[in-house]
Amino acid sequence: MTHTKEELDEILAFGTSLARKAGDKIQAAFLQNKNIQTKSCNTDLVTETDQQVEAMIIQDIKQCYPKHKFIGEESVADGLKCELTDEPTWIVDPVDGTTNFVHRFPYVAVCLGFCVNKERTLGIVYNAVSGQMYTAIKGHGAFCNGKPLKVSSETGK
């Protein structure tokens, strides 16, 4: 299964809208006290916001794209099987930088990836605190807030 550029643009628009919606929840909780739990060790943290944002993202994906699969960081941590197939699959990290989030350090992002045939096809990273939205579609460039990103021309060490 492959997607046209127009289909990927539509999926990217959906994903950026979803990232902004998730970012609103993160911003609302950013300065609040948090209920913190640990996952695999004392430094692997999860908050209610992580779980609520992931549930909202997955619900919205299922509603708009019922045939798409998903792999969510918190779902997998709770025991859901992590399986990447050839089916269109969203990879979700609802609050990337949970430790930063807990300590109110503004480097926190919603990260969404989209794979088809086990290949990374597009990605979205949204830092709601700074308002930076990074997006990319494989083979079509990467952008920050709609402006093209360019590779550095530096060649020295």
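Residues numbered from 1 in each chain as written. Predicted model: local features only at pLDDT ≥ 70, side-chain atom pairs only at ≥ 80, totals over all residues. Heavy atoms only, no water.

A.B. asks: Even after reading the chapter, I still don't get the packing of aromatic side chains, so can you show me in this structure?
C.D. replies: The geometry of an aromatic ring pair is captured by the separation of the ring centres together with the interplanar angle, meaning the angle of the planes. In the structure shown here, the tally under the stated rule is four aromatic pairs. With a centroid separation of 5.2 Å and 80° between ring planes, the pair formed by F14 and Y65 is classed as edge-to-face. Residue F14 is located in helix α1 (residues 5-30), and its partner Y65 is located in the loop between α2 (48-64) and β3 (69-72); the two are separated by 51 residues in the primary sequence. For F14, a relative accessible area of 17% corresponds to the buried category. For Y65, a relative accessible area of 12% corresponds to the buried category. Both rings, one in F14 and one in W90, keep their centres 5.8 Å apart while their planes meet at 70°; by these two values the pair is edge-to-face. Highlighted residues: F14 in helix α1 and W90 in strand β4 (residues 89-96), separated in sequence by 76 residues. Here the basic side chain of R20 rests over the ring of Y126, its NZ or CZ set 5.4 Å away from the ring centre. (Phe/Tyr/Trp six-rings, centres within 6.5 Å; stacked < 30°, edge-to-face > 60°. Helix = DSSP H or I, 4+ residues; strand = E, 2+ residues; numbered from the N terminus. Buried < 20%, exposed > 50% of the residue type's maximum accessible area, 1.4 Å probe, protein only. Lys NZ or Arg CZ within 6 Å of the ring centre and 35° of its normal.)

A.B. asks: Can you help me understand a nonpolar patch on the surface in this one?
C.D. replies: Taken together, V125, Y134 and L149 make up a surface patch of nonpolar side chains, about 230 Å² in accessible area. Relative to the helices and strands, V125 resides in strand β6 (residues 119-127). (Patch = residues over 30% accessible without salt bridge, like charges linked within 9 Å, V, L, I, M, F, W, Y side chains within 5 Å. Areas by Shrake-Rupley, 256 points an atom, 1.4 Å probe, with all protein chains shown as cover. Salt bridge = Lys/Arg side-chain N within 4 Å of Asp/Glu carboxyl O.)

A.B. asks: So what exactly am I meant to see when it comes to the sheet that holds β3 here?
C.D. replies: Two modes of strand pairing occur in sheets, parallel and antiparallel, and in both the strands are linked by backbone hydrogen bonds. Pairing is mixed across the open sheet formed by seven strands, whose spatial order is β3-β4-β5-β6-β7-β8-β9. Strands at the two margins of the open sheet, each flanked by one partner only, are β3 and β9 (147-148). Where strand β8 (residues 142-144) meets β9, two bridges bridge the pair, whose relative direction is antiparallel. Across the sheet, F143 pairs through a bridge with P148, a residue of β9. (Pairing = 2+ DSSP bridges.)

A.B. asks: Help me out: how do you make sense of α2 in this one?
C.D. replies: A turn of α-helix holds 3.6 residues, and therefore any two residues three or four places apart point the same way. Helix length check: α2 (17 residues) gives 24 Å between terminal C-alpha atoms against 24 Å at 1.5 Å per residue, within 8%. Here α2 has its buried residues at T49, D50, V53, E54, M56, I57, I58, D60 and I61. (Expected span 1.5 Å × (residues − 1).)

A.B. asks: Help me out: how do you make sense of the UniProt feature "binding site: Mg(2+) 1" (unreviewed entry) in the protein in this one?
C.D. replies: Per the UniProt entry, the sites bearing "binding site: Mg(2+) 1" (unreviewed entry) are E73 and D96 in this numbering. The greatest C-alpha distance among the annotated residues, which extend across 24 residues, is 9.5 Å, indicating that they converge on a single site. Note that E73 resides in helix α3 (residues 73-77). Residue classification places E73 among the partly exposed residues on the basis of a relative accessible area of 31%. Of note, D96 is situated in strand β4. (UniProt positions renumbered as here; feature names shortened; annotations may be inferred.)

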